[in-house]
Amino acid sequence: ERLNSMIGEVLALARMETDERPGTYGRLALDALLADVVEDACFEAEANGKKVRLEQCEKADVHGDPALLRSALDNVIRNAIRHTPADTAVDISLIRQEGMVAITVRDHGPGVPEQHLTRLFEPFFRTPATGEQTRDGFGLGLAIAHRAVQLHHGSIRAENHADGGLLIRLLLPQASLSE
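Residues numbered from 1 in each chain as written. Predicted model: local features only at pLDDT ≥ 70, side-chain atom pairs only at ≥ 80, totals over all residues. Heavy atoms only, no water.

J.: Quick question: what am I supposed to make of the sheet that holds strand S2 (residues 51-57) here?
T.: Sheet strands pair via backbone hydrogen bonds, and the direction of the pair is either parallel or antiparallel. If you walk across this open sheet you meet the five strands as S2-S4-S5-S7-S6, and the pairing is mixed. If you trace the sheet from one side to the other, it starts and ends with S2 and strand S6 (155-160), each paired once. Averaged over all pairs of adjacent strands, the angle between their axes in this sheet comes to 15°, without regard to strand direction. Contacting S6 and strand S7 (166-173), helix H4 (residues 141-151) crosses the sheet at an angle of about 135° to S6. (Pairing = 2+ DSSP bridges. Helix = DSSP H or I, 4+ residues; strand = E, 2+ residues; numbered from the N terminus. Axes fitted to C-alpha atoms, helices over the stretch in contact; angles between N-to-C directions. Contact = heavy atoms within 4.5 Å.)

J.: Whenever I open this one, the pattern of salt bridges confuses me. Can you help?
T.: For side chains of opposite charge, pairing can occur when their charged atoms come near one another. Per the stated rule, a full pass over the model turns up 12 salt bridges. As a salt-bridge pair, Lys59 and Asp61 come within 3.8 Å of each other at their nearest N and O atoms. Residue Arg78 pairs with Asp74 through a salt bridge whose shortest N-O separation is 2.7 Å. Here the residue Arg78 and the residue Asp74 both occupy positions in helix H3 (residues 66-83), the gap between them amounting to four residues, near one helical turn. Using a relative accessible area of 24% as the deciding quantity, one classes Asp74 as partly exposed. (Salt bridge = Lys/Arg side-chain N within 4 Å of Asp/Glu carboxyl O. Buried < 20%, exposed > 50% of the residue type's maximum accessible area, 1.4 Å probe, protein only.)

J.: So what exactly am I meant to see when it comes to the environment of Glu114 here?
T.: Summarising the element assignment, Glu114 is placed in the loop between strand S5 (100-106) and H4. Considered as a pair, Glu114 and Glu159 are 45 residues apart in the sequence and their alpha carbons are 8.1 Å apart. Of the polar contacts made by the side chain of Glu114, one reaches the side chain of Asn160; its length is 3.1 Å. (Polar contact = N/O pair within 3.5 Å; in protein donor to acceptor, adjacent residues only side chain to side chain.)

J.: Would you mind going over H4 with me for this structure?
T.: Because the α-helix completes a turn every 3.6 residues, residues three or four places apart line up on one side. With nine of its 11 residues buried, H4 lies for the most part within the structure. Along H4, the residues classified as buried are Gly141, Leu142, Ala143, Ile144, Ala145, Arg147, Ala148, Val149 and Leu151. Trailing H4 by a residue or two, His153 shows a phi angle of about 60°, which is positive.

J.: Explain unusual backbone geometry to me, please; I cannot follow it from the model alone.
T.: With glycine set apart, most residues show a phi of negative sign, and most peptide bonds adopt trans. The phi dihedral of Asp87 is positive, around 65°, even though this residue is not glycine. Tracing the chain through its elements places Asp87 in the loop between H3 and strand S4 (89-97). Asp87 sits in the exposed class, given a relative accessible area of 75%. Even without a glycine there, the phi angle at His153 is positive, about 60°. Relative to the helices and strands, His153 is located in the loop between H4 and S6. Relative accessible area serves as the criterion here: at 62%, His153 is assigned to the exposed category.

J.: Explanation requested: the side chain of Asp61 in the structure shown.
T.: Mapped onto the elements, Asp61 comes out in strand S3 (residues 61-64). A relative accessible area of 17% means that Asp61 is categorised as buried. A polar side-chain atom of Asp61 sits 3.0 Å from a polar atom in the side chain of Arg27. Here Asp61 is in contact with Arg27, Leu28, Ala29, Leu30, Asp31, Val101, Gln174 and Ala175, once residues within four sequence places are set aside.

J.: Would you mind going over the packing of H3 against H4 with me for this structure?
T.: Between H3 and H4, whose axes approach to 8 Å, the crossing angle comes to 145°. Seen along the crossing, H3 lies across H4 with a hand that is left-handed. Each of Leu68, Ser71, Ala72, Asn75, Val76 and Asn79 in H3 lies in contact with H4, whose residues at this interface are Gly141, Leu142, Ile144, Ala145, Ala148, Val149 and Leu151. In terms of residue class, the contact of H3 with H4 is built from nine nonpolar, four polar and no charged. (Left-handed = near helix turned anticlockwise from the far one by under 90°. Nonpolar A, V, L, I, M, F, W, Y, C, P; charged D, E, K, R; others polar.)

Below, the structure written as structure tokens:
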């Protein structure tokens, strides 16, 4: 089952790497898509004694492929759930700013050593496990998210939050009125 999962992720990433615009692009209510992904993620989080909180969610449309953007959001949020301790939450927000849509996903885990922050989006890269960290996953989820965001002319970056935990910030161009 894990092997099938990894093969599926490798194939998804390979398709995105070879195709400039896979999928079906159109005007998309990103706020509604994010709310759906958060609702699904809540079940996984609650089963492990964690929460997912959509703290702010402004109405925002983008021009994009719903399946690719769902995959990007799902990978980032599930990664955060994996790394946040029990009895804490993954905090998510979506705001519009200067023609862009900014989504932030913050866990309350140990964060990532500074020297590894830029490598988090490389295929198969996983930070060295320390303490209670798990070695689940294949190091593909954030690479898939990175490529999906790039295909939408956006950016994604990771930083350690000042109060602890890792914060992933996705920026996507807001859809124009004519799109």
